[in-house]
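Close look at the chain arrangement
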Amino acid sequence: MPVSQSTQDSHEKNIQTQIINLQEKMRDITYNKEMSSEEKSDQKKALQGKIQVLNSELRQYQLQKRQEEAEKRKEEASRKQQEENVRAEENAKADADTENTGEEIVLFPESDSSKSILSNSNTKEHLASLQKVRNDLEGKLRTAASEEEKAKLRKRINKVSKGMGVKVQTIKDAIADGQKNVNPQKDIQKTTEKQKEDSSFSGKVIITRKRD
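Residues numbered from 1 in each chain as written. Predicted model: local features only at pLDDT ≥ 70, side-chain atom pairs only at ≥ 80, totals over all residues. Heavy atoms only, no water.

Next up on the list: the overall build of the protein. A tally of helices and strands in the protein yields six helices and zero strands. Traced from its N-terminal end to its C-terminal end, the protein shows the element sequence α-α-α-α-α-α. Scored against the burial criterion, the 212 residues of the protein give a buried share of 18%. Of the roughly 16,600 Å² of accessible surface on the protein, a fraction of 50% belongs to carbon and sulfur atoms. (Helix = DSSP H or I, 4+ residues; strand = E, 2+ residues; numbered from the N terminus. Buried < 20%, exposed > 50% of the residue type's maximum accessible area, 1.4 Å probe, protein only. Areas by Shrake-Rupley, 256 points an atom, 1.4 Å probe, with all protein chains shown as cover.)

It is worth spelling out the side chain of Glu149 at this point. Position of Glu149 among the secondary structure elements: in helix H5 (residues 147-159). Residue class for Glu149 comes out buried when judged on its relative accessible area of 9%. A polar side-chain atom of Glu149 sits 3.4 Å from a polar atom in the side chain of Arg87. Discounting chain neighbours no more than four positions away, the residues touching Glu149 are Arg87, Asn91 and Ala144. (Polar contact = N/O pair within 3.5 Å; in protein donor to acceptor, adjacent residues only side chain to side chain. Contact = heavy atoms within 4.5 Å.)

With 13 residues, H5 ought to run about 18 Å at 1.5 Å a step, and its terminal C-alpha atoms sit 18 Å apart, in line with that. Along H5, the positions that sit buried rather than exposed are Glu149, Leu153, Arg156 and Ile157. The buried residues of H5 occupy an angular sector of 100° when projected down its axis, which confines them to one face. In H5, the exposed positions angled more than 90 degrees off the buried face are occupied by Glu147, Glu148 and Lys155. (Expected span 1.5 Å × (residues − 1). Arc of directions from axis to C-beta.)

A few words on the confidence of the model for the protein. In this model, the protein carries an average pLDDT of 75, and 62% of its residues clear a pLDDT of 70 or more. By mean pLDDT, the top-scoring element of the protein is helix H1 (residues 10-30) (93), and the lowest-scoring one is helix H3 (residues 112-117) (51). Ignoring residues within four places in sequence, the model shows residues 102-110, a span with pLDDT below 50, making 37 contacts including any to other chains. Here residues 201-206 is a poorly scored stretch, pLDDT under 50, and it has zero contacts once near neighbours within four places are set aside; other chains count. (pLDDT = per-residue confidence, 0-100.)

What follows deals with the layout of surface pockets. Over the atoms rolls a probe the size of a water molecule, and its path tells where empty space is left. Computed from the structure, the largest pocket encloses a volume of approximately 180 Å³. Taken together, Glu84, Arg87, Ala88, Asn91, Ala145, Ser146, Glu148, Glu149, Lys152 and Arg156 make up the full set of residues lining the largest pocket. Those elements that place two or more of their residues in the lining of the largest pocket are helix H2 (37-100) and H5. Here the residues of the lining of the largest pocket sort into two nonpolar, two polar and six charged. (1 Å grid on protein atoms, 1.4 Å probe; cavity = no way out; pocket = protein on both sides within 12 Å on 5 of 7 lines; lining within 4 Å. Points joined across faces, edges and corners; volume = space filled by probe spheres on them. Nonpolar A, V, L, I, M, F, W, Y, C, P; charged D, E, K, R; others polar.)

Turning to the pattern of salt bridges, a few remarks are in order. All told, the structure shown has ten salt bridges when counted by the stated rule. Here Lys132 makes a salt bridge to Asp136, at a shortest N to O gap of 3.3 Å. Pair noted here: Lys132 and Asp136 are both in helix H4 (residues 121-142), with a separation of four residues, about one helical turn. Accessibility expressed as a relative area gives 52% for Lys132, which makes it exposed. (Salt bridge = Lys/Arg side-chain N within 4 Å of Asp/Glu carboxyl O.)

What follows deals with the environment of Leu47. On the secondary structure map, Leu47 appears in helix H2. On the accessibility criterion, Leu47 (10% relative accessible area) is buried. Placed 21 residues apart in sequence, Leu47 and Met26 show a C-alpha to C-alpha distance of 7.0 Å. Look past the residues within four positions of Leu47 in its chain and what remains in contact with it is Leu22, Lys25, Met26 and Ile29.

Right, here's the structure in full:
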């Protein structure tokens, strides 16, 4: 099949130009009154042979060109498939990393209370590792090629998001319980002070007057 004019390269255009020129010469010969019929026939045959050679060359070139383009498309499709496979492996690894955390994560605003919670070294390291997982997923979300992949990444981010909140809330509860345990110390201190006051009265001598 001939290649459309818009996709033709310079070599194809050159061959077609030669064919057109030869066809015009054949028309000129036809209307040339000075040439005999035999001369016209001989020259037309010679021009027709050249046109056939050029047409054959053009078809061969176009066939080779289509084969090369098909090979390029095949290589491009193979490259994209490899990229999809690598991306799928990375996503699978991210899922495995998320599951290995044992918890789901949620982002929470940084505040004085959250900073105090993170003061515990083990908790801080744990939350930092979970945060890294989330950051990696968010980076992949920004470069995701399809909406389906984006939806999967958002689902993983949400999944990676709940446990940090659970973890943080657990630590908050622990701190709150610790603060409650401090309050009885104040009561003990008040009780001790009252006992001291009562003991001070026990050292006094009470004098009474006997009636006649």
